[in-house]
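Commentary on secondary and tertiary structure
For reference, the chains in residue letters:
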Amino acid sequence: MKNNKYILITLLVSIILLNSCEKMIIGEDEINSPENNFELLWNDFNVHYALFGVKNINWQDAYNIYRPQVNPNTSNMELWDITSNMLDLLNDGHTTLIDANNNLKFESGDSLNVIAESEFDLNLLKTKYLDYLTNSSEPDISFGKLKYKDIGYVHLSSVEGDNPEIIDNIIQQLKQHKAIVVDIRNNGGGSDDYAHRVAGAFADGEHFIYTVQTKNGTGIDDFDAKTKWFTKPEGTEQFLKPVILLTDRVTASGAEIFTLNMKAFNHITVIGDTTAGDHSDQSDLRFLPNGWVYTYSPQLYLMPNGESLEGIGISPDVYIKNTETLINSNIDLVIETAINYLFIEYNIE
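Just so you know, these numbers come straight off a predicted model, no measurement behind them. Residue numbering note: each chain is counted from 1, following its sequence as written. Side-chain atom pairs in this predicted model are given and counted only at pLDDT of 80 or more, local residue features only at pLDDT of at least 70, and totals for whole chains, interfaces and linings cover all residues. With hydrogens and water excluded, all non-hydrogen atoms of the structure serve as input to the side-chain values.

Salt bridge criterion: a side-chain nitrogen from Lys or Arg within 4 Å of a carboxyl oxygen from Asp or Glu. One pass over the full model with this rule turns up 13 salt bridges. We note a salt bridge from Lys321 to Glu119, for which the minimum N-O separation is 3.1 Å. In this pair, Lys321 is assigned in the loop between strand E14 (318-319) and helix H11 (324-328) and Glu119 in the loop between helix H6 (111-117) and helix H7 (122-129), connecting sequence segments 202 residues apart. Classification of Lys321 by relative accessible area gives partly exposed; the value is 28%. We note a salt bridge from Asp332 to Arg185, for which the minimum N-O separation is 2.9 Å. Placement of the pair is Asp332 in the loop between H11 and helix H12 (333-346) and Arg185 in the loop between strand E6 (179-183) and helix H9 (192-199), with a sequence separation of 147 residues. For Arg185, a relative accessible area of 2% gives the class buried. Connected through shared salt-bridge partners, Glu165, Asp168, Arg197 and Glu234 make up one network. Helical segments are the DSSP runs of H or I of at least four residues, strand segments are the runs of E of at least two, and each set is numbered from the N terminus. To sort residues, take the accessible area from a 1.4 Å probe on protein chains only and compare it with the maximum for the residue type: under 20% means buried, over 50% means exposed, and anything in between is partly exposed.

What follows is the structure in structure tokens.
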């Protein structure tokens, strides 16, 4: 699962090559017209998008609504509005549309994410709730200790990097504490493998957590065989004392895979808001004749009971969320709830 910031990095590289490679990428025979751009986009989703079934979306109905709005005189900006409105029906953070020439970027279902981004402030944690926060050799993993508490703290801003094994060193430095709070709020995702490896430092055993299938045909139910994924302990030592995992609406993609791992362990309690519900991997960049770039979800993730959480998200064990007003008042109600929970349930302070 790819974090959006890594897509943008890839995009920058692609834009540099676009002028010289465009014909090779999209084919010399493709016509750059509003109608053909729409048709190519709709058809690509029709064949390769994996989530129409679980989201109960009739893509032909979407075509019938939006295709008549496109004609030979449709401007690029009008086409942008039409296609982004259509793609927003999917409510899928892995569905993106980018017009680099006009500095436009669309992400399906992004409105709730924008709100949630204002409901978390790492600087507030540093100044009010933490004794210290130390950066690790992985730029998106830091660790510390809660003020006046025998509770460690780990912050993951993504699950992407070169060395997830750094979590083993962090556990060694925090293992003397009675509990650890792991914070993945505003974590947009990254790599499934990275998420599994970090979670392995907290694993209490092997648990079956989901299956993955990739779309491989034109039919709505055409997928390859299911691949089962399990948790497993990794590293030299696991932290098996109480752990609180903090999530929010921006916890997405690879961070949700991390959440599924952690939620399977008996000593871990998830506190916060329901996650984004964007589990699928993200496709490679796709190109249209007008230079637009887009992505979609080509895979289907199912829980052990066969349920899909795409567009639904992973529910916390204890639901609580911040508001922008609380954050502006220097109050993080989510971490305060975690502290109170550890005291009430385990007498940890």
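Here we take up the sheet that holds strand E8 (residues 227-230). One requirement defines pairing of two strands: DSSP has to find at least two bridges between them. Spatially, the 3 strands line up as an open sheet ordered E8-E7-E13, and their pairing is antiparallel. Edge strands, defined here as strands with exactly one partner in the open sheet, are E8 and strand E13 (299-302). For this sheet, the mean angle separating the axes of adjacent strands, direction not counted, is 25°. Relative to E13, strand E7 (residues 208-214) runs antiparallel, the two being bridged by 4 bridges. Pairing of Val212 across the sheet is with Tyr301, part of E13. Throughout, an axis means a line fitted to C-alpha atoms (over the contacting stretch in the case of helices), and angles, computed between N-to-C directions, take values from 0 to 180 degrees.

So, on to the packing of helix H2 (residues 34-48) against helix H4 (residues 59-66). It is at 11 Å that the axes of H2 and H4 come closest, and there the two elements cross at 170°. It follows that H2 is roughly antiparallel to H4 by the angle criterion. Contacts between H2 and H4 involve Phe38, Glu39, Trp42, Phe45 and Asn46 from the first element and Trp59, Gln60, Tyr63 and Tyr66 from the second. Nonpolar residues are Ala, Val, Leu, Ile, Met, Phe, Trp, Tyr, Cys and Pro. Charged residues are Asp, Glu, Lys and Arg, and all others, Gly as well, are polar. Each residue belonging to the contact of H2 with H4 can be placed in one class, and the counts come to 6 nonpolar, 2 polar and 1 charged. We call two directions roughly parallel when the angle between them is under 35 degrees, roughly antiparallel when it is over 145, roughly perpendicular when it lies between 65 and 115, and oblique otherwise. In this analysis, two residues are considered to be in contact whenever any of their non-hydrogen atoms come within 4.5 Å of each other.

Tracing the backbone through its elements, the reader meets Ser108 in the loop between strand E2 (104-107) and H6. In protein, a polar contact means a hydrogen-donor-capable atom and an acceptor-capable atom, both N or O and within 3.5 Å, with residues adjacent in sequence counting only if both atoms are side-chain atoms; elsewhere, any N or O pair within 3.5 Å suffices. Within the structure, Ser108 has its side chain in polar contact with the backbone nitrogen of Asp92 (distance 3.1 Å).

Read these as spatial facts, not as claims about activity.
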